[in-house]
Amino acid sequence: MKRLALRTGVRWKISIAIAAVGALIAVALSLVVHNAARVSMIENAREVQLERLLGAQRFYEATSMQKGGPKFGAKLNDPTIPQSLRDEVRKNRRATHVEQGADGVPEVWAAVPLAGGDVLSLHTRFADRSATIMDDLDRALIIGSVSVVFGGCALGVLIGGQLSRRLRKAAAAAGRVAQGQTDVRVREAVGGVVRDETDELARAVDALTDALNERIEAERRVTADIAHELRTPVTGLLTAAELLPPGRPTELVRDRAQAMRTLVEDVLEVARLDSASERAELQELPLGEFVSRRIALLDPDVTVRVIHESWVSTDPRRLERVLGNLLGNAAKHGSTPVEVSVEGRVVRVRDHGPGFPEELLRDGPSRFRTGSVDRAGHGHGLGLTIAAGQARVLGARLTFRNAAPSGAAEGTGGAIAVLWLPEHAPTVTGSFPVLRMADQRQPSD
């Protein structure tokens with residue numbers, strides 16, 4: 001059974017933690033203060049009760065020859081005296097006793113021994129003023145505790161919000177790095193005056209990015225150097241193959257030499273695209289008309305349907321390269337008929353073959369991996385990689401999907417490649433200018 005995971009931000013975790021700690025401290029202090037105040041007031045009530053009883057005792061002894069009993073609320077030999085207090089008096093001691101009343105208000109007793117074995121006692125309830133003071137104290141403690149909890153929560157939101165913002169900035173910068181913006185530095189994006197563990201994380205990510213960039217650049221240079229060095233011997237091999245006498249062996253040699261030359265040129269193109277130094281040379285052109293003309297030259301058997309014409313600012317050479325590679329992939333791995341549709345700034349290329357492999361749909365185009373079980377005669381897997389790279393230079397987006405659901409019969413669906421050209425094409429500096437509405441020309445009728 002899959003474990004349920006609750007996603008909460010750092011801000012709220014810190015806020016809850018600070019509020020919980022504040023609540024525990026406030027409750028503990030409130031209990032200590034309440035008990036200390038209660039004990040102090042009860043002890044004071046004992047002393048006051050005993051002083052009042054001693055006063056009543058002195059008055060009673062001074063007027064013992066007169067008629068009348070004890071005064072000031074004192075009683076002689078009160079049968080309701082608690083047993084513990086009675087035991088203390090039997091030991092000829094003055095004593096006090098406090099017990100909880102039926103209504104929750106403490107009752108205070110005081111007793112002193114008299115001559116002849118009599119007991120003089122005084123019994124009163126806890127002073128109403130003292131009870132009011134305790135109620136006011138409890139109310140103040142509750143208000144203070146609630147204030148501490150809310151104050152701690154606000155402080156947690158403030159501290160956690162600052163940390164959360166720094167982490168979000170770091171995550172956003174790391175995401176831009178993952179998208180290929182290798183000049184982004186996470187530590188600069190985090191910023192701030194206070195230095196904490198977030199800066200250490202940012203430095204580690206920047207160091208990792210630099211190391212990966214150096215490794216990728218080294219691999220790119222090696223690949224480009226190898227491909228560049230192979231151009232001369234491959235060109236010589238192709239030239240020598242042209243001098244061979246006609247025949248089947250000569251055709252095989254020429255075919256393999258041409259394939260090797262194409263591979264070398266593709267590897268060089270991939271290396272240039274990986275270096276992120278390529279820039280588009282933009283022209284205004286009607287997309288539907290351009291696609292129709294180019295595909296008619298590349299493959300006259302492909303059906304082109306222009307649903308909605310639109311003028312775009314793009315690089316025609318690179319756009320033709322993308323279209324050629326998509327058609328080449330459809331011819332090698334798909335089945336006829338191959339259909340191309342143009343709708344506004346969107347170009348769709350569809351075949352009716354088995355569709356794209358799951359690996360390509362999940363991970364995108366990967367060089368030197370065609371997705372075919374038998375790779376002999378099916379290319380080297382750089383066509384879609386180059387198409388995706390050229391699309392990035394154009395500022396476009398190239399997506400892949402299958403027309404048929406997974407597990408459908410072969411030939412019932414096909415593969416669909418969709419090229420989404422941007423509304424604002426990149427300039428030679430890589431920026432995206434804002435085009436005025438008047439500059440967006442409409443095709444003539």
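Residues numbered from 1 in each chain as written. Predicted model: local features only at pLDDT ≥ 70, side-chain atom pairs only at ≥ 80, totals over all residues. Heavy atoms only, no water.

You'll find the chain entered in an unreviewed UniProt entry as histidine kinase, with Streptomyces globisporus given as the organism. Under the Catalytic activity (unreviewed entry) heading, UniProt states for the chain: "ATP + protein L-histidine = ADP + protein N-phospho-L-histidine." Under the UniProt heading Subcellular location (unreviewed entry), the entry covering the chain gives this text: "Cell membrane". (UniProt positions renumbered as here; feature names shortened; annotations may be inferred.)

## Overview of the overall build of the chain
Check the secondary structure of the chain and you find ten helices and eleven strands. Counting the 445 residues in the chain, one finds 34% classified as buried. Carbon and sulfur atoms provide 57% of the accessible area of the chain, an area that totals close to 27500 Å². (Helix = DSSP H or I, 4+ residues; strand = E, 2+ residues; numbered from the N terminus. Buried < 20%, exposed > 50% of the residue type's maximum accessible area, 1.4 Å probe, protein only. Areas by Shrake-Rupley, 256 points an atom, 1.4 Å probe, with all protein chains shown as cover.)

## Digging into the packing of helix α7 (residues 287–298) against helix α8 (residues 316–333)
Across the interface, α7 lies against α8 with an axial gap of 10 Å and an inter-helix angle of 55 degrees. As far as their axial angle goes, α8 and α7 are oblique. Classified by chirality, the crossing of α8 by α7 is right-handed. Between α7 and α8, the residues in contact are Leu287, Phe290, Val291, Arg294, Ile295 and Leu298 and Pro316, Leu319, Glu320, Leu323, Gly324 and Leu327, respectively. Among the residues making up the contact of α7 with α8, the classes are represented as nine nonpolar, one polar and two charged. (Axes fitted to C-alpha atoms, helices over the stretch in contact; angles between N-to-C directions. Parallel < 35°, antiparallel > 145°, perpendicular 65-115°, else oblique. Left-handed = near helix turned anticlockwise from the far one by under 90°. Contact = heavy atoms within 4.5 Å. Nonpolar A, V, L, I, M, F, W, Y, C, P; charged D, E, K, R; others polar.)

## A word on the sheet that holds strand β1 (residues 75–76)
Reading across the sheet, the four strands line up as β1-β4-β3-β2 and stay open at both edges, with antiparallel pairing between neighbours. For this open sheet the edge positions go to β1 and β2 (95–100), each flanked by a neighbour on one side alone. Two strands pair when backbone bridges link them, and strand β3 (residues 106–113) and strand β4 (residues 119–125) are joined in this way by seven bridges, in the antiparallel orientation. Across the sheet, the residue bridging to Val112 is Leu120, located in β4. Lying on the sheet, helix α1 (residues 10–62) is in contact with β1, β2, β3 and β4; it crosses β3 at an angle near 40 degrees. (Pairing = 2+ DSSP bridges.)

## Describing the sheet that holds strand β8 (residues 339–343)
Spatially, five strands are ordered β6-β8-β9-β11-β10 in an open sheet, and the strand pairing comes out mixed. Of all strands in the sheet, those with a lone pairing partner are β6 (303–308) and β10 (397–402), marking the two edges. Ignoring strand direction, the axes of neighbouring strands in this sheet form an average angle of 15 degrees. By the bridge criterion, five bridges tie β8 to strand β9 (residues 346–350) in an arrangement that is antiparallel. Bridged to Glu339 within β9 is Arg350.

## Observations regarding the packing of α8 against helix α10 (residues 383–393)
Put simply, α8 and α10 touch, their axes get as near as 9 Å, and they point 155 degrees apart. Our classification of the angle between α8 and α10 gives roughly antiparallel. The way α8 lies across α10 gives a crossing that is left-handed. In this structure, α8 uses Arg318, Arg321, Val322, Asn325, Leu326 and Asn329 to contact α10, whose residues at the interface are Gly383, Leu384, Ile386, Ala387, Gln390, Ala391 and Val393. Residue classes in the contact of α8 with α10 are distributed as seven nonpolar, four polar and two charged.

## As for the pattern of salt bridges
It is possible for side chains bearing opposite charge to pair when their charged atoms get close. Enumeration according to the criterion identifies nine salt bridges in this entry. Here Arg185 ties to Asp210 by a salt bridge, and the two come within 2.5 Å at their closest N and O atoms. Of this pair, Arg185 sits in the loop between α3 (128–178) and α4 (186–190) while Asp210 is found in helix α5 (residues 197–242), placing the two residues 25 residues apart along the sequence. On the basis of relative accessibility, which here comes to 23%, the residue Arg185 falls in the partly exposed class. (Salt bridge = Lys/Arg side-chain N within 4 Å of Asp/Glu carboxyl O.)

## As for the UniProt feature "transmembrane region" (unreviewed entry) in the chain
Residues given the UniProt feature "transmembrane region" (unreviewed entry) here are residues 12–33 and 140–159. Within residues 140–159, the helical portion is 100% and the strand portion 0%, while the C-alpha atoms at the span's ends are 28 Å from each other.

## Here's the deal with the nonpolar core
Residues Val291, Leu326 and Leu419 are the most contacted members of the largest nonpolar core, which totals 34 residues. By residue number, the principal contributor to this core is α8, which donates six residues. Ranked by size, the runner-up nonpolar core spans ten residues in total, among them Ala56, Tyr60, Val112 and Leu122. (Core = buried A, V, L, I, M, F, W, Y, C linked by side-chain atoms within 4.5 Å.)

## So, the environment of Glu99
Secondary-structure assignment places Glu99 in strand β2. When the C-alpha positions of Glu99 and Pro82 are compared, they lie 9.2 Å apart, and in sequence the two are 17 residues distant.

## Some thoughts on the packing of aromatic side chains
Scanning all chains against the criterion turns up one aromatic pair. Note on Phe356 and Phe400: the rings are 5.2 Å apart at their centroids and 80 degrees apart in plane angle, and the pair reads as edge-to-face. Here Phe356 is found in the loop between β9 and α9 (358–363), whereas its partner Phe400 is found in strand β10, with 44 residues between them in sequence. Pair check on accessibility: Phe356 and Phe400 agree, each one buried. The positively charged end of Arg397 is found above the aromatic ring belonging to Trp420, 4.9 Å away from the centroid. (Phe/Tyr/Trp six-rings, centres within 6.5 Å; stacked < 30°, edge-to-face > 60°. Lys NZ or Arg CZ within 6 Å of the ring centre and 35° of its normal.)

## Re a nonpolar patch on the surface
Side chains of Val21, Ile25 and Leu29 sit close together on the surface and give an oily, nonpolar patch of about 280 Å² of accessible area. With respect to the helices, strands and loops of the structure, Ile25 is situated in helix α1. Here Ile25 falls in the partly exposed class, since its relative accessible area comes to 47%. (Patch = residues over 30% accessible without salt bridge, like charges linked within 9 Å, V, L, I, M, F, W, Y side chains within 5 Å.)

## What about the environment of Leu419?
With respect to the element layout, Leu419 can be found in strand β11 (residues 415–420). Residue Leu419 is classed as buried on the basis of its relative accessible area of 0%. When the C-alpha atoms of Leu419 and Leu326 are compared, they prove to be 9.9 Å apart, with 93 residues separating the residues in sequence. Each residue touching Leu419, except ones within four places of it in the same chain, is listed here: Leu319, Val322, Arg345, Val346, Val347, Ala391, Ala396, Arg397 and Leu398.

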